[in-house]
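Here's the letter readout for the chains.
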Amino acid sequence: MSEIAVHYDVATGGDLAHHYARGESRPITAVGNPVLHHPCADVTEFGDDLAQLVSDMFVSMRTARGVGLAANQIGVPLRVFVYLCPESYQRGDDEPWHVGHVVNPVVEITGDDTGAHPEGCLSVPGARAVVRRAAQVTVRGFDLAGNPVAVPGRDLLARCFQHETDHLNGRLYLDHLTPEDRETALADMSEPAYPVVTTDAATRP
């Protein structure tokens, strides 16, 4: 990631170059697939399989040009997400992008401010809708080695943490919308520029 400055919020078991070298890009699971609509299971084993999953997630996120990715978005129903996301909505050139992963995440709201901003999702390609979320949170969980982590985030990063944890709880940003706005968003979906799967046949551990 030489084109941007990055800040590692959580020890990732290797830097991004390490993950990109060992990971495999997997197709993104699209809305309607059952794996996206059920809560994910807690991770109970911290080892090579989890480390490989996180590497695959970083590569898949890069392929799809996302800022966050939950494990069930590549068909794996486990509570893990990765992110490569700036904190500011403006994404300034002088701003480092935050990098990390969180296993078994729980989001704690740490401020009263909220913000209503357009939100998209790799599992709902092409569509966007305004969603109100907390502007300041801390996500707590574990790293690849099973060590406790707590990562604070504001603004776009806070939105990312909430969005990805929602995924692991079986919710999409669409579930925050009115029925009318949800239908509009689904109608706005377009052909993605990355591989997707739409049925549970493509899921794998």
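Everything numeric in this text was worked out from a predicted model, so none of it was measured.

Undergrad: Can you tell me about the UniProt feature "active site" (unreviewed entry) in the chain, naming the residues and giving the values?
TA: With numbering aligned to this structure, UniProt lists the feature "active site" (unreviewed entry) at Glu164. Looking at the secondary structure, you find Glu164 in helix α3 (residues 155-168). Taking the relative accessible area as the measure of exposure, Glu164 reaches 4% and is therefore buried. If we ignore the near neighbours within four places in the chain, the residues touching Glu164 are Gly68, Leu69, Ala70, Gln73 and Phe81.

Undergrad: If you had to explain the packing of aromatic side chains to someone new, which residues and values would you point to?
TA: Considering all chains together, one arrives at four aromatic pairs under this definition. Ring geometry for Phe81 and Phe161: centres 6.0 Å apart, planes at 35 degrees, overall tilted. Residue Phe81 is found in strand β4 (residues 80-85), and its partner Phe161 is found in helix α3; the two are separated by 80 residues along the sequence. Since its relative accessible area comes to 0%, Phe81 is described here as buried. Its relative accessible area of 0% is what places Phe161 among the buried residues. Three or more aromatic residues joined by ring pairs make a cluster, and in this case those are Phe81, Tyr83 and Phe161.

Scoring rules and cut-offs
- Residues numbered from 1 in each chain as written.
- Predicted model: local features only at pLDDT ≥ 70, side-chain atom pairs only at ≥ 80, totals over all residues.
- Heavy atoms only, no water.
- UniProt positions renumbered as here; feature names shortened; annotations may be inferred.
- Helix = DSSP H or I, 4+ residues; strand = E, 2+ residues; numbered from the N terminus.
- Buried < 20%, exposed > 50% of the residue type's maximum accessible area, 1.4 Å probe, protein only.
- Contact = heavy atoms within 4.5 Å.
- Phe/Tyr/Trp six-rings, centres within 6.5 Å; stacked < 30°, edge-to-face > 60°.

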